[in-house]
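Here is what each chain is made of, one letter per residue.
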Amino acid sequence: MNLLTGRNMVERSSKFLFIVVGSVLFMLILYQYVAPGMMNFGSPHGYAQEDDADLFPTPDPHYVKKYYFPIRDLERTVDFEIKGDDVIVFLHIQKTGGTTFGRHLVQNVRLEVPCDCRPGQKKCTCYRPNRKETWLFSRFSTGWSCGLHADWTELTNCVPGVLNKKENRMKNQRKFYYITLLRDPVSRYLSEWRHVQRGATWKTSLHMCDGRTPTPDELPPCYDGTDWSGCTLQQFMDCPYNLANNRQVRMLADLSLVGCYNMSFFPEKKRAQVLLESAKKNLRDMAFFGLTEYQRKTQYLFERTFRLKFIRPFMQYNSTRAAGVDLENDTIQRIEELNDLDMQLYDYARDLFQQRYMYKRQIERREQRLKNQPLFPFRRTANADLTSRDNLPESEALRWPTEDYMNHIINRW
């Protein structure tokens, strides 16, 4: 009797122990799936991971791609060596929000040695952490060293020599990472008109190309006197030499390909096509470009491109002077015609920008899911799936594993 009782007690103890162990294993497995998504213990960059995720908008699942871009055009993570010889060069196009972005670069980037911006001074000192050399070429760090609002043609020919002179040393090993901002052409055009109307001229711009500035015959002025203040929108549109027309394409293209400002070098249609294709190529090859209309996405892509974090998030301001202009449809159509090349470039740039954003978000979500995979008991299965995914098309690889799949696993448990 005692033997039977003892045997029953052992069996009960074994069953109880089995239940306890099974429960612990179940909780551990469940924790691996659920806890990483529910708990964040902060980030080395200064704000919590969940805040970082909530900061940026979710890619639009209904966005329709217009252009095909290979992975090499979508992937834009660079090994920016701030302690080495790498330099970020900001190409600032008028009225694209470049002043705000330029201030972000010198005042809002989390750096080991922040830029020294003193009250009353227009420029900041942005030295590398290990020596007194600049890592940033921009209006607010080096000033207009290559001319007021220098374009791609001017910057690429000017920047290396300027830095050699400033640092009093010759360097051929520098890596230059060009960046810029684009804006909706109609809004940008109206904003420039309003700025000119208030007295802006940018007449000190050099427009250097092939070693010389344009002659008065190549680039006639649109006004007599010191400025064009008070001009109407109609007067602004009527000037055939107005550099506001297709400004973004002109400032991003290699002007040497079309004889600089010599309009007789190519027929008009041929010249326009060469400029547009050159601007697209240069924009595509840049380390980074942002869009004024997408501030948070611009911040996201810059941070992921250069592995730098901003201290404060970008703000989207949709109320601008351009937005306050009430126009008839005929006037809008006329502005679009005058900026036809910019319209085509912006359409191209917006599609590339959205695809880069979607691609980067997909990559990050995939990496996060892989981090959340339990080490036990599915380690072998996970590794096998990863191996097989290398042979899948990219579209299928980025869909694995889906959130529905993860929820299905938890529900089955």
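Computed from a predicted model, the values in this text were never measured in an experiment.

Next up on the list: the packing of helix α6 (residues 185-197) against helix α11 (residues 329-338). Running from N to C, α6 and α11 cross one another at 95°; their axes reach a closest spacing of 10 Å. One element, α6, and the other, α11, form an angle in the roughly perpendicular class. In this structure, α6 contributes V186, Y189 and L190 to the contact, and α11 contributes I335, E336 and L338. Taken together, the residues of the contact of α6 with α11 sort by class into 5 nonpolar, no polar and 1 charged.

Inspection of every chain in the model, using the stated rule, returns 20 salt bridges. A salt bridge links R307 to D79; the shortest N-O distance between them is 3.0 Å. One end of the pair, R307, is in the loop between α10 (295-306) and α11; the other, D79, is in the loop between α3 (71-74) and β1 (86-91), with 228 residues separating them in the sequence. Residue R307 is classed as exposed on the basis of its relative accessible area, which comes to 52%. Its relative accessible area of 53% is what places D79 among the exposed residues. The partner of R131 in a salt bridge is D85, and the shortest N-O contact between them spans 2.8 Å. With R131 in strand β3 (residues 131-134) and D85 in the loop between α3 and β1, this pair connects stretches of sequence that are 46 residues apart. Using a relative accessible area of 24% as the deciding quantity, one classes R131 as partly exposed. Among the charged side chains, a salt-bridge network with shared partners connects D85, R131, E133 and R169.

The next point concerns the packing of helix α9 (residues 268-285) against helix α12 (residues 340-372). The geometry of α9 relative to α12 is characterised by a closest axis approach of 10 Å and an angle of 20° between their N-to-C directions. In this view, α9 runs roughly parallel relative to α12, as classed from their interaxial angle. By crossing handedness, the relation of α9 to α12 is classed as right-handed. Where α9 approaches α12, its residues A272, L276, A279, K280, L283 and R284 are matched on the opposing element by L341, Q344, L345, Y348, A349, L352 and R356. When the residues that make up the contact of α9 with α12 are grouped by side-chain class, the tally is 9 nonpolar, 1 polar and 3 charged.

Quick look at the state of the cysteines now. Scanning the model with the defined rule gives 5 disulfides in all. Bridging C115 to C126, the disulfide has an S-S length of 2.1 Å. When the S-S torsion is 115°, as for the bridge of C115 with C126, the disulfide is right-handed. Residue C115 is located in the loop between α4 (98-107) and β2 (127-128), and its partner C126 is located in the loop between α4 and β2; the two are separated by 11 residues in the primary sequence. You'll find C115 and C126 in the same group, each marked buried.

Turning our attention to the packing of aromatic side chains. A ring pair, where both rings are aromatic, is described by two values, the distance of the centres and the angle of the planes. In this structure the tally under the stated criterion is 23 aromatic pairs. Residues Y67 and F69 carry aromatic rings whose centres are separated by 6.2 Å and whose planes lie at 45° to one another, so their mutual orientation is tilted. Under the relative-accessibility criterion, Y67 is labelled partly exposed at 27%. With relative accessibility at 6%, the residue F69 sits in the buried group. An angle of 70° between the planes, with centres 5.1 Å apart, marks the rings of Y67 and Y348 as edge-to-face. Of this pair, Y67 sits in the loop between α2 (49-55) and α3 while Y348 sits in helix α12; the two residues are 281 residues apart in sequence, bridging distant segments of the chain. Overall, the relative accessible area of 7% leaves Y348 in the buried class. We note K270 situated over the ring of F266; from NZ or CZ to the ring centre the distance is 6.0 Å.

With that settled, consider the confidence of the model for the chain. On average, residues of the chain carry a pLDDT of 85, and 77% of them reach 70 or more. Low confidence marks residues 31-51, where pLDDT is under 50. Its contacts with residues over four positions away, or in another chain, come to 27 contacts. Confidence drops under pLDDT 50 across residues 384-413; counting only partners more than four residues distant or on other chains, this segment forms 28 contacts.

This part is about the pairing of strand β6 (residues 288-291). Going residue by residue along β6, you find F288 and G290 tucked away on one face and F289 and L291 tucked away on the opposite face as well. In the sheet, strand β5 (residues 175-182) pairs with β6 via 4 bridges, with the strands oriented parallel. Paired with T180 across the bridge in β6 is F289.

Turning to the environment of Y178, a few remarks are in order. As for its placement among the helices and strands, Y178 is situated in strand β5. Y178 sits 22 residues away from T156 along the chain, and the two C-alpha atoms are 9.1 Å apart. Setting aside chain neighbours within four positions, we find Y178 in contact with V89, L155, T156, V159, M286, A287 and F288.

Attention shifts here to unusual backbone geometry. With a phi close to 50°, H149 is a non-glycine residue in the positive phi region. Despite not being glycine, H207 shows a phi value in the positive range, around 55°. Examined against the element boundaries, H207 turns out to sit in the loop between α6 and α7 (233-238). The exposure class of H207 is buried, given its relative accessible area of 12%.

Turning to the side chain of D86, a few remarks are in order. Along the polypeptide, D86 turns up in strand β1. Buried and without a salt bridge, D86 has K175 as its closest oppositely charged side chain, separated by 5.4 Å. A polar side-chain atom of D86 sits 2.7 Å from the main-chain amide nitrogen of E81. Those residues in contact with D86 that sit more than four places away from it in its chain are D79, F80, E81, R128, W135, K175 and Y177.

What counts as what
Along every chain, residues carry numbers that run from 1 in the direction the sequence is written. Reporting in this predicted model follows two pLDDT cut-offs: at least 70 for local features of residues, and 80 or more for side-chain atom pairs to be given and counted; totals over whole chains, interfaces and linings ignore these cut-offs and use all residues. To obtain the side-chain values, all non-hydrogen atoms of the structure were included, while hydrogens and water were left out. Comment: axis = line fitted to C-alpha atoms, over the contacting stretch for helices; angle = value between 0 and 180 degrees taken between N-to-C directions. For helices the rule is a DSSP run of H or I covering at least 4 residues; for strands it is a run of E covering at least 2, with both sets numbered from the N terminus onward. An angle below 35 degrees is treated as roughly parallel, one above 145 as roughly antiparallel, one from 65 to 115 as roughly perpendicular, and anything else as oblique. We call two residues contacting when some pair of their heavy atoms lies within 4.5 Å. Residue type decides the class: Asp, Glu, Lys and Arg count as charged, Ala, Val, Leu, Ile, Met, Phe, Trp, Tyr, Cys and Pro as nonpolar, and the leftover types, Gly among them, as polar. By definition, a salt bridge exists where a carboxyl oxygen of Asp or Glu is found within 4 Å of a side-chain nitrogen of Lys or Arg. Burial here depends on accessible area, computed with a 1.4 Å probe over protein chains only, as a share of the maximum for the residue type. Under 20% is buried, over 50% is exposed, and the range in between is partly exposed. Left-handed is the label given to a crossing in which the near helix is rotated counterclockwise from the far helix by less than a right angle, and right-handed is the label when the rotation is clockwise. We call a pair of cysteine sulfur atoms a disulfide when they lie within 2.5 Å. Aromatic rings from Phe, Tyr and Trp, with only the six-membered ring used for Trp, were paired whenever their centres fell within 6.5 Å, and each pair was classed as stacked if the ring planes differed by under 30 degrees, edge-to-face if by over 60, and tilted otherwise. Think of it as a cone above the ring: NZ of Lys or CZ of Arg counts as a charge over the ring if it is within 6 Å of the ring centre and within 35 degrees of the ring normal. One number per residue, pLDDT, summarises how confident the predictor is, and it ranges from 0 to 100. Criterion used throughout: strands pair if DSSP finds at least two bridges between them. Counted as positive: Lys and Arg. Counted as negative: Asp and Glu, with His and the chain ends omitted from the count. Any pair of N or O atoms that falls within 3.5 Å is considered a polar contact. Within protein, one atom must be able to donate a hydrogen and the other to accept it, and sequence-neighbouring residues count only if both atoms are side-chain atoms.

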